[in-house]
Amino acid sequence: MVTTERQLRVVLEATEIVVSTLESMPPSTERDVLLQQARESRVAVEGWAMEPPTLEQRSVAMKTVLRLHTAAAKLGRLGPGK
């Protein structure tokens, strides 16, 4: 079974990858929105260290990270507004 500590590390690492990817892109409104969402997600997940997440919170966090990775890849590939 995966521990909350391991889940925390995995989600934080995935979020940091998104933040790093977005920060390396040229500024745009889309990039800035995604970057803000990634940072907000990171703050929420960091809270898991104090209080373990519910199943719903874990599910939302994982879906958010996946959505952000997909959006960042699309933005990097196609550019803003595509």
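Residues numbered from 1 in each chain as written. Predicted model: local features only at pLDDT ≥ 70, side-chain atom pairs only at ≥ 80, totals over all residues. Heavy atoms only, no water.

Colleague: Got a minute to help me understand the pattern of salt bridges in this structure?
Modeller: One side chain can pair with another of opposite charge once the charged atoms of both are near each other. This model, assessed by the stated rule, comprises four salt bridges. In this structure, the salt-bridge partner of Glu5 is Arg9, at a minimum N-O distance of 3.1 Å. With a gap of four residues between them, Glu5 and Arg9 both fall in helix α1 (residues 4-23), about one helical turn apart. Since its relative accessible area comes to 44%, Arg9 is described here as partly exposed. Two residues, Arg31 and Asp32, come together in a salt bridge whose shortest N-O distance is 2.9 Å. Residue classification places Arg31 among the buried positions, given a relative accessible area of 13%. Given the relative accessible area of 38%, Asp32 is considered partly exposed. (Salt bridge = Lys/Arg side-chain N within 4 Å of Asp/Glu carboxyl O. Helix = DSSP H or I, 4+ residues; strand = E, 2+ residues; numbered from the N terminus. Buried < 20%, exposed > 50% of the residue type's maximum accessible area, 1.4 Å probe, protein only.)

Colleague: Would you explain the packing of helix α2 (residues 29-46) against helix α3 (residues 55-78) in this entry?
Modeller: Think of two packed helices as two axes; the pair is described by the angle between the axes and how far apart they sit. Two elements in contact, α2 and α3, have axes whose closest approach is 10 Å; the angle formed by their N-to-C orientations is 155°. If you check the angle between α2 and α3, you find them roughly antiparallel. Seen along the crossing, α2 lies across α3 with a hand that is left-handed. Two secondary-structure elements touch here, α2 through Glu30, Arg31, Leu34, Gln37, Ala38, Ser41 and Val45 and α3 through Ala61, Thr64, Arg67, Leu68, Ala71, Ala72 and Leu75. Partitioning the contact of α2 with α3 into residue classes produces eight nonpolar, three polar and three charged. (Axes fitted to C-alpha atoms, helices over the stretch in contact; angles between N-to-C directions. Parallel < 35°, antiparallel > 145°, perpendicular 65-115°, else oblique. Left-handed = near helix turned anticlockwise from the far one by under 90°. Contact = heavy atoms within 4.5 Å. Nonpolar A, V, L, I, M, F, W, Y, C, P; charged D, E, K, R; others polar.)

Colleague: Can you walk me through α3 in this structure?
Modeller: Because each turn of an α-helix spans 3.6 residues, side chains separated by three or four positions in sequence point in the same direction. End to end, α3 covers 34 Å across 24 residues, agreeing with the expected 34 Å (1.5 Å per residue, within 8%). Where α3 is buried, its residues meet α1 and α2. After α3 finishes, the residue Gly79 shows a positive phi value of roughly 90°. (Expected span 1.5 Å × (residues − 1).)

Colleague: I would appreciate a short explanation of the nonpolar core in the present structure.
Modeller: For soluble globular proteins, nonpolar side chains are generally found buried alongside one another. By size, the foremost hydrophobic cluster in this structure holds 10 residues: Val18, Val19, Leu22, Met25, Leu34, Leu35, Ala38, Leu68, Ala72 and Leu75. For this core, the elements supplying multiple residues, two or more each, are α1, α2 and α3. The contact partners of Leu68, leaving out residues within four places of it in the chain, are Val18, Leu34, Gln37 and Ala38. In this structure, Leu12, Val45, Trp48 and Ala61 belong to the second largest nonpolar core, which totals eight residues. (Core = buried A, V, L, I, M, F, W, Y, C linked by side-chain atoms within 4.5 Å.)

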